Amino acid sequence: ELKEIVFVIQSQSNSFHSKRAEDLKRDILKQAADLGKELPTVLLIHQMDGHEGAWTILPLMRDFSVTYGRNSSWIFFCEEDTRVQVLKLLETLGRFDESKEWFLGKALYDEESTIIHHYAFAENPTVFKFPDFAAGWALSISLVNKLAKKLKSEPLKSDFTIDLKHEIALYIWQKGEGPQLTSVPEFCTDDVSSYKVEHCATTFSTFLPLCGEPVKKEDVFVAVKTCRKFHGDRIPVVKQTWEREAAIIEYYSDYADISIPTIDLGIPNTDRGHCGKTFAILERFLNHSSPRTPWLVIVDDDTLISIFRLRKLLSCYDPNEPVFLGERYGYGLGTGGYSYITGGGGMVFSRIAVQKLLASKCRCYSMDAPDDMVLGMCFSGLGIPVTHSPLFHQARPMDYPKGYLSHQIPVSFHKHWNIDPVKVYFTWLTPNTEESLDGKKAGYNREDL
């Protein structure tokens, strides 16, 4: 029965994202009503719990078990851009016995061991499968009850949440004692309008959001963090690739080099974090840039970014809201920690977010503290949630499964290790002639990088 499925949408409290999640919820309930079925429960993650770590799912298992453990059969998770064919989903889940422990989804796997998964399964990374959240994934209530029981006796230990889909699959697998992911062909990430989707219970709708005209070039202030030792090798890559897309760009260093030019902020370079440098950039943006510039982007000197695509993405966000946007990681979320935007993929701030942060007096506990984590801690204390976009990437294209990148028009990648960064930029991040203005999928011809 449809009423035995609990739908959980990975929603966020930012106004753009919460509206999209509400639209999906309405669509699911309308389909159920049109089928004449008793309505299922549809939950939005950001409304479920005041607890900062709700987005990591596992802390919610006990609530799911207590509330739905007796009268439900499945918990089905999806993203705000997942499109659900309710009847087809019902038929698909009906093939599996919910009294058994099932973990269902569209399978992703690493082709080589990767830093973002702590080099797990190094001998053969293809053996371990984890779900593509964009296609939706499901847990039988029997498995939810088992996980809830385990969490009661053994609280979550992990300090960092880096790639949630992989970490959830590892936790469920329990080193071989729990179920592996069962791949379900009806869970799809093909475009809604694709000819391939007839058999699909789920499809995917947006590869790069666009909500009107892209924001103007002059509305984005780009700050590049660098230091003297990288002026000769990293800065030329920025200049060969994405610098021309930025109308306002400044390079911040520990040494003033007029050939670039760089600005010496008077803060020595540190080998660890760059908190002092980043807060100096935030102060400079607030006090020395045009007050009419609504957006600040801070990137590393080895970040590859498409400012062209970022301007499209920013059309969806209200610069009058405190926005802190990028790729979300978590720290200590099982024990009252915080979420943060990981710096290498790029950190995007609305001016109002910077104003609120600097007015708060929350600052670095040391000049070489990790800037991204301190920012996460500060914004968490202010009650300003980080806003996650999967289009920002802390690592290189080769560090992600091909199937995961296939339904994205990425905004950034990071690191120059063992790659040709110029080639990566021109393969993955330059505006493509086929990149349509409505943000649908582009016809990429990408080499394996």
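This one's a predicted model, so the numbers in the text were calculated from it and none came from an experiment.

Visitor: Honestly, the domain arrangement of the protein chain in this entry has me stumped. Any pointers?
Guide: How large an interface is tends to be reported as the accessible area lost when its parts come together. Splitting the protein chain by domain gives domain 1 (2-204) and domain 2 (217-436). The straight-line distance from the C-alpha centre of domain 1 to that of domain 2 is 30 Å. Across the contact, 29 residues belong to domain 1 and 30 residues belong to domain 2. Counting the surface lost from both domain 1 and domain 2, the interface buries some 2600 Å², and carbon and sulfur atoms represent 55% of this. For domain 1, the biggest contributors to the area lost against domain 2 are Gln12, Glu52 and Trp55; these three give 20% of the whole. Between the two partners, domain 1 and domain 2, sit 1 salt bridge. Counting the contacts that link domain 1 with domain 2 gives 10 residue pairs in polar contact (both at pLDDT 80 or more). Listed by contribution, the elements that provide at least two residues to the side of domain 1 that touches domain 2 are helix 1 (15-34) and strand 9 (160-161). Of the residues in the side of domain 1 that touches domain 2, the class split is 11 nonpolar, 11 polar and 7 charged.

Visitor: Explain the sheet that holds strand 4 (residues 82-84) here, please?
Guide: Remark on secondary structure: sheet strands pair via backbone hydrogen bonds, oriented parallel or antiparallel. Pairing within the open sheet is mixed, and its 3 strands lie in the order 4-12-11. Each edge of the open sheet is held by one strand with a lone partner, namely strand 4 and strand 11 (187-191). This sheet shows a mean twist of 35 degrees between the axes of neighbouring strands, independent of strand direction. With 3 bridges joining them, strand 4 and strand 12 (residues 202-204) adopt antiparallel strand pairing. Across the sheet, residue Thr82 finds its bridge partner in strand 12, namely Phe204.

Visitor: Explain helix 13 (residues 421-428) to me, please; I cannot follow it from the model alone.
Guide: Burial analysis of helix 13 places 6 of its 8 residues in the buried class, which makes it a mostly covered element. Those residues of helix 13 that sit buried are Pro421, Val422, Val424, Tyr425, Thr427 and Trp428. In this fold, the buried residues of helix 13 make contact with helix 7 (234-240), strand 17 (303-305), helix 9 (307-314), helix 12 (402-405) and strand 23 (412-414). The N-capping residue of helix 13, defined by a side-chain oxygen 3.1 Å from the backbone nitrogen of Val422, is Asp420.

Visitor: What is the right way to read the nonpolar core from this model?
Guide: As a rule of thumb, soluble globular proteins bury nonpolar side chains together. Among the nonpolar cores identified, the biggest contains 85 residues, and Met61, Phe64, Leu139 and Leu310 are the most heavily contacted of them. Looking at this core, the element that brings in the most residues is helix 6 (residues 164-173), giving 6 residues. Each of domain 1 (2-204) and domain 2 (217-436) accounts for three or more of the residues forming this core. The residues touching Leu310, leaving out its near neighbours within four places in the chain, are Val220, Val297, Ile305, Val348, Phe392 and Val411.

Visitor: Is there a simple way to think about the pairing of strand 2 (residues 41-44) in this case?
Guide: On a regular strand, one side chain projects to one face of the sheet and the next to the other, so that they alternate. Where strand 1 (residues 5-10) lies against strand 2, 4 bridges are found, and the strand directions are parallel. Among the inter-strand pairings, Val6 is bridged to a residue of strand 2, identified as Thr41. Regarding the hand of the β-α-β motif, the stretch spanning strand 1, helix 1 and strand 2 is right-handed.

Visitor: Is there a simple way to explain the UniProt feature "domain: Fringe-like glycosyltransferase" (unreviewed entry) in the protein chain in this structure?
Guide: The UniProt record annotates "domain: Fringe-like glycosyltransferase" (unreviewed entry) at residues 67-154 and 214-424. Split by type, residues 67-154 is 27% helix and 23% strand. Its first and last C-alpha atoms lie 21 Å apart.

Visitor: Help me understand the state of the cysteines in this model?
Guide: Overall, the coordinates contain 4 disulfides when judged by the stated rule. Residue pairing for Cys211: its cysteine sulfur links by disulfide to Cys316, the two sulfurs lying 2.0 Å apart. In this structure the cystine formed by Cys211 and Cys316 twists about its S-S bond by roughly 90 degrees; its chirality is therefore right-handed. Placement of Cys211 in the loop between strand 12 and strand 13 (220-225) and of Cys316 in the loop between helix 9 and strand 18 (324-326) is noted, with a sequence separation of 105 residues between them. By relative accessible area, Cys211 is classed as partly exposed at 38%. When its relative accessible area of 9% is taken as the criterion, Cys316 is described as buried. Between the sulfur of Cys362 and that of Cys378 lies a disulfide, 2.1 Å long from S to S. Judged by the sign of its S-S torsion, about -80 degrees, the cystine formed by Cys362 and Cys378 is left-handed. With Cys362 in the loop between helix 10 (351-359) and helix 11 (371-381) and Cys378 in helix 11, the pair connects residues that are 16 residues apart, well separated along the chain. When its relative accessible area of 2% is taken as the criterion, Cys378 is described as buried.

Visitor: Looking at this structure, I do not really get the packing of helix 8 (residues 275-288) against helix 10. What am I missing?
Guide: Packed helices, taken two at a time, are described by their axes: the angle between them and the distance between them. Orientation of helix 8 relative to helix 10, taken along the N-to-C sense of each, is 115 degrees, at an axis distance of 10 Å. The crossing of helix 8 and helix 10 is left-handed. From helix 8, Phe279, Leu282, Glu283, Phe285 and Leu286 reach across to helix 10, where they touch Arg351, Val354, Gln355, Leu357 and Leu358. In the contact of helix 8 with helix 10, the residues fall into 7 nonpolar, 1 polar and 2 charged.

Definitions and limits used
- Residues numbered from 1 in each chain as written.
- Predicted model: local features only at pLDDT ≥ 70, side-chain atom pairs only at ≥ 80, totals over all residues.
- Heavy atoms only, no water.
- Domains from an automatic or database assignment.
- Contact = heavy atoms within 4.5 Å.
- Buried area = accessible area lost by both parts, 1.4 Å probe.
- Salt bridge = Lys/Arg side-chain N within 4 Å of Asp/Glu carboxyl O.
- Polar contact = N/O pair within 3.5 Å; in protein donor to acceptor, adjacent residues only side chain to side chain.
- Helix = DSSP H or I, 4+ residues; strand = E, 2+ residues; numbered from the N terminus.
- Nonpolar A, V, L, I, M, F, W, Y, C, P; charged D, E, K, R; others polar.
- Pairing = 2+ DSSP bridges.
- Axes fitted to C-alpha atoms, helices over the stretch in contact; angles between N-to-C directions.
- Buried < 20%, exposed > 50% of the residue type's maximum accessible area, 1.4 Å probe, protein only.
- Core = buried A, V, L, I, M, F, W, Y, C linked by side-chain atoms within 4.5 Å.
- Right-handed = clockwise from strand over helix to strand, strands pointing away.
- UniProt positions renumbered as here; feature names shortened; annotations may be inferred.
- Disulfide = S-S within 2.5 Å.
- Left-handed = near helix turned anticlockwise from the far one by under 90°.

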